[in-house]
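Descriptive structure summary
In case you want the letters, here they are:
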Amino acid sequence: MKDFIKKHYGSNVRMAQQLGITNQTVSNWLKSNPRGMLKYLPEIVKTSNTTESQVMWEVMFREKELSRD
């Protein structure tokens, strides 16, 4: 998910600005709640060159990573 954000937005801060949310929200997605990102799925697809399925894959992959920690 970190690579996805960097590729499509450059940074967590830029993603937060483009989606109209706080940087803390993006940090929470990365640290503990990847599914929170799905609330902004339409906006993410509009503001980046990606698909809904790619975002959903990133969320599922991050959840799997967090479950291993």
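Quick look at the structure, then. As the structure is a prediction and not an experimental result, all values here were calculated from the model.

Evaluated as defined, the whole model comprises two aromatic pairs. Here the aromatic rings of W29 and Y40 are separated by 5.8 Å at their centres, their planes lie at 45 degrees, and the arrangement is tilted. With a gap of eleven residues between them, W29 in helix α3 (residues 23-31) and Y40 in the loop between α3 and α4 (41-47) connect regions that are remote in the sequence. Exposure remark for W29: the relative accessible area of 2% places this residue in the buried category. Between W57 and F61, the aromatic rings sit 5.1 Å apart at their centres with planes inclined by 10 degrees, giving stacked as the arrangement. Note that W57 and F61 are positioned in helix α5 (residues 52-68) at a spacing of four residues, about one turn of the helix. What makes W57 partly exposed here is its relative accessible area of 44%.

Before going further, it helps to spend a moment on the environment of S53. Along the chain, the position of S53 falls in helix α5. Residue class for S53 comes out exposed when judged on its relative accessible area of 53%. The spatial distance from the C-alpha of S53 to the C-alpha of N23 is 24 Å, given a sequence separation of 30 residues. Side-chain polar atoms of S53 contact the side chain of T51, separated by 3.2 Å.

Topologically, S48 is positioned in the loop between α4 and α5. A relative accessible area of 10% means that S48 is categorised as buried. For S48, the side chain forms a polar contact with the main-chain oxygen of I44, separated by 2.6 Å. When sequence neighbours within four positions are dropped, the list of residues in contact with S48 reads H8 and Y9.

Parameters at a glance
- Numbers given to residues run from 1 along each chain, matching the order in which its sequence is written.
- In view of the model being predicted, local features appear only for residues whose pLDDT reaches at least 70, and side-chain atom pairs are presented and counted only at 80 or more, with totals across whole chains, interfaces and linings using the full set of residues.
- Each side-chain value is derived from all of the structure's non-hydrogen atoms; neither hydrogens nor water enter the calculation.
- Note on ring pairs: Phe, Tyr and Trp rings are taken, using the six-membered ring of Trp, and paired if centres are within 6.5 Å. Classes follow the plane angle, with under 30 degrees stacked, over 60 edge-to-face and the rest tilted.
- Helix and strand assignments follow DSSP, with helices taken as H or I runs no shorter than four residues and strands as E runs no shorter than two, numbered in order from the N terminus.
- With a 1.4 Å probe rolled over the protein chains alone, any residue whose accessible area is under 20% of its type maximum counts as buried; one over 50% counts as exposed, and the rest are partly exposed.
- By the criterion applied in these results, polar contacts are pairs of N or O atoms within 3.5 Å in which, for protein atoms, one can donate a hydrogen and the other can accept it, and in which residues neighboring in sequence qualify only through two side-chain atoms.
- Contacts: residue pairs with any heavy atoms within 4.5 Å of one another.

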